Amino acid sequence: MALKTFLPILELIGSYSKKDFKSDFYAGLIVGVILIPQGMAYSMLAGLPPVHGLYAVTIPLLVYAILGTSRQLAVGPVAMDSILTASAIQAYAVLGADKYVEAALTLAFIVGIIQFLMGVFRLGFLVNFLSQPVISGFTSAAALIIMSSQLSYLTGIHFSHNNNLFAILLEWMYRFKETNFPTLLIAILGLILLILFKEYKIRIPGALVLLVGGIFITKWGDLPSMGVQILGEIPDGLPKLHFPELSITLVKELLPAGFAISLVGFLESFSIAKSMQRIHKTYKLRANQELIALGLVNMMAAFVRAFPITGGFSRTAVNHQAGAKSGIASVVSALFIVLTLLFLTPLFYFLPKAILASIILFAVYSLFDLKEPKFLWKSNRQDLFMLFATFMSTLFLGIQTGIGIGVLLSLLLMIFRTTRPHFAILGRVPETEVFRNVARFQGLEIIPEILIVRFDADIFFANISYFRERLNDWIQHKGPRLRWLILNMESVSYIDSTALQQLLEVVNEYKKNNLCFCFTSVKGPVRDLLIRGEVVPAIGENHFFLTVAEAQDFALSNLAGVELKNPDTSLTLQTNNP
């Protein structure tokens, strides 16, 4: 049982059939075919020679097939990780140079170590700090940056800026006459073909048709003589295992990018895997095991001279639609890429770089999210501001800075919201025992001598001051007639030591002013804390009630001078009583 926990592929033993293998074999071939153009395209996007994209989908795929808990997730190069890689390394070395390649391998190893350690120490929850508005703003800006980075391959112009959208567009305006129009035409036609294949849901992969057609037209049309850039010779054979150079200086420079890619890559991968698991419902997805698997996948990517990789949406969707039943499909894909590296790389000599650029543009177009800001405009303007701030900071300050600012804004907004949670005054719905927020409902019964409030959060050091301020304001607004304060605790699950001390101060302070407290709907663990914090003795055990209605009736009877037995006095208050 323990072995299956670390090697999820063993769960297939006893249930895997020939029918399952046929489905996996077919899906693996389809995804393997797609991986060839995608792998080379995303390798170019990362600033590396195209062959490194093929290296990325050899042994790393086998590692995920063995260790991953998702049976449909297809790992490999993705646009986001590729652009993050290029953004992190381009200031360190020239694109495509040996030093640049070495830095990419080091980055992949750093990402692998971070993800592996996060999985071992069960830190998968950290990705929750990347809120949806931050992700949407970041990915939309990254999509524009990715598109701008491909403009060189689309136009045949070598730009002096690589990932600055506005600088590239401005430079293109000045150098528009230098545009190689055959190159631009190939890219536009490639995009149109991919769009048509998607719109008409043609089963044959559009990227494969584009790849084969591009090679054929370029070779027989003699397009290189017209200035169309081609891939040229691609090294054949399998990658030699290579341990990256882990110099302290390089690791320090790449560590921030490593954290960013680790979090973003895992979030993207796990979200896709989760959507697949919801469809199939035949296995359990484990977040920390996914981190361990992705960590070892990226460490292996570094050993085979590749760059950071993760689960990809388009490949996973194809894998699912083709009928993949398990990670065996990834094994088939990896073997297909190995055969390609051994025997088929000469066929890609005449592949235009513009074709790969069009594949990238088509893939990243879906990253640009317009639905999220429209939704936030209607539902939450604070989150819309966070999305916009992340978008603009990513666009103007860079991808890593954009992620950092987005995460920081998420944390600050979360802290702000926890320090000022919802706090409401309640009134009774006539002829019922139901109490509702007086700010939202009209016609509620409100008694001048009684104040009923509900605090909708745990009470701790960060919000106790807000609790006291609002409570004091409401008490003063009630005026001198106020005699009873009823605190509904149904939403409170925890009170820390700071809040306990100040809550006791509040009770004692208002007792001096002849203001009595009642607590209702107190959970067992919270009641234990109130007893240990001496709040219960200060109030009295007979001032704790199961419902607000009972507490109000008790207060009214005392105001009228009538002794009413407390409905909750039969409950013995004691610690550790749930």
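Residues numbered from 1 in each chain as written. Predicted model: local features only at pLDDT ≥ 70, side-chain atom pairs only at ≥ 80, totals over all residues. Heavy atoms only, no water.

Comments concerning the pattern of salt bridges
Item 1. Going through the model one piece at a time under the given rule, you end up with 11 salt bridges.
Item 2. Taking the shortest distance from any N to any O, the salt bridge between Arg175 and Glu171 comes out at 2.7 Å.
Item 3. The salt bridge involving Glu449 is made with Arg481; its shortest N-O contact spans 2.7 Å. Separated by 32 residues along the polypeptide, Glu449 in the loop between strand E4 (435–437) and strand E5 (450–455) and Arg481 in the loop between helix H20 (464–478) and strand E6 (484–488) bring together distant segments of the chain. (Salt bridge = Lys/Arg side-chain N within 4 Å of Asp/Glu carboxyl O. Helix = DSSP H or I, 4+ residues; strand = E, 2+ residues; numbered from the N terminus.)

A few points about the confidence of the model for the protein chain
Item 1. Averaged over all residues, the pLDDT of the protein chain equals 87, while 95% of them reach at least 70.
Item 2. Confidence drops under a pLDDT of 50 for residues 563–578, and excluding neighbours within four residues, the segment shows 33 contacts in the predicted structure. (pLDDT = per-residue confidence, 0-100. Contact = heavy atoms within 4.5 Å.)

Section: the packing of helix H5 (residues 79–89) against helix H6 (residues 98–120)
Item 1. It is the contact of H5 with H6, at a shortest axis distance of 10 Å, that shows an interaxial angle of 120°. Considered as vectors, H5 and H6 are oriented oblique to each other. Crossing of H5 over H6 shows right-handed handedness. Between H5, through Thr85, Ala86, Ala88 and Ile89, and H6, the contact on the second element is made entirely by Tyr100, Ala103, Ala104 and Leu107.
Item 2. The residue inventory of the contact of H5 with H6, partitioned by class, reads seven nonpolar, one polar and no charged. (Axes fitted to C-alpha atoms, helices over the stretch in contact; angles between N-to-C directions. Parallel < 35°, antiparallel > 145°, perpendicular 65-115°, else oblique. Left-handed = near helix turned anticlockwise from the far one by under 90°. Nonpolar A, V, L, I, M, F, W, Y, C, P; charged D, E, K, R; others polar.)

Description of the packing of H6 against helix H12 (residues 248–280)
Item 1. It is at 8 Å that the axes of H6 and H12 come closest, and there the two elements cross at 55°. With respect to H12, the axis of H6 lies oblique. When the axes of H6 and H12 are compared, the crossing they make is right-handed. In this structure, H6 contributes Ala103, Thr106, Leu107, Ile110, Val111, Ile114, Gln115 and Met118 to the contact, and H12 contributes Leu250, Val251, Leu254, Leu255, Ala257, Gly258, Phe259, Ile261, Ser262, Leu263 and Phe266.
Item 2. Of the residues that constitute the contact of H6 with H12, the class distribution is 15 nonpolar, four polar and no charged.

With respect to a nonpolar patch on the surface
Item 1. A grouping of Leu185, Ile188, Leu189, Ile192, Leu196, Tyr200, Ile202, Ile204 and Val209 is seen on the molecular surface, where their side chains present a nonpolar patch of about 840 Å² in accessible area.
Item 2. Of the residues forming the nonpolar patch, the biggest block, five residues, is contributed by helix H10 (residues 181–199).
Item 3. Its place among the elements puts Tyr200 in the loop between H10 and helix H11 (206–220).
Item 4. We classify Tyr200 as exposed; its relative accessible area is 63%. (Patch = residues over 30% accessible without salt bridge, like charges linked within 9 Å, V, L, I, M, F, W, Y side chains within 5 Å. Areas by Shrake-Rupley, 256 points an atom, 1.4 Å probe, with all protein chains shown as cover. Buried < 20%, exposed > 50% of the residue type's maximum accessible area, 1.4 Å probe, protein only.)

Comments concerning the pairing of E5
Item 1. Counting buried residues along E5, six of its six residues qualify, which places the element largely inside the surrounding structure.
Item 2. Burial of E5 is two-sided: the residues Ile450, Ile452 and Arg454 facing one way and the residues Leu451, Val453 and Phe455 facing the other way are all buried.
Item 3. Where strand E3 (residues 423–428) and E5 come together, three bridges link them in antiparallel fashion. Residue pairing across strands places Phe423 opposite Phe455, the latter belonging to E5.
Item 4. Here E5 runs beside E6; their pairing, made up of five bridges, is parallel. Its bridge partner being in E6, Val453 is matched across the sheet by Leu487. (Pairing = 2+ DSSP bridges.)

A word on unusual backbone geometry
Item 1. Unusually for a residue other than glycine, Ser521 sits at a positive phi of about 55°.
Item 2. Positive phi is not limited to glycine here, since Glu534 has a value of about 65°.
Item 3. Position of Glu534 relative to the elements: it lies in the loop between helix H22 (524–532) and helix H23 (535–539).

Looking at the side chain of Thr155
Item 1. With respect to the secondary-structure elements, Thr155 resides in helix H8 (residues 151–155).
Item 2. Within the structure, the side chain of Thr155 is placed 2.8 Å from the backbone oxygen of Leu151, a separation counted as a polar contact. (Polar contact = N/O pair within 3.5 Å; in protein donor to acceptor, adjacent residues only side chain to side chain.)

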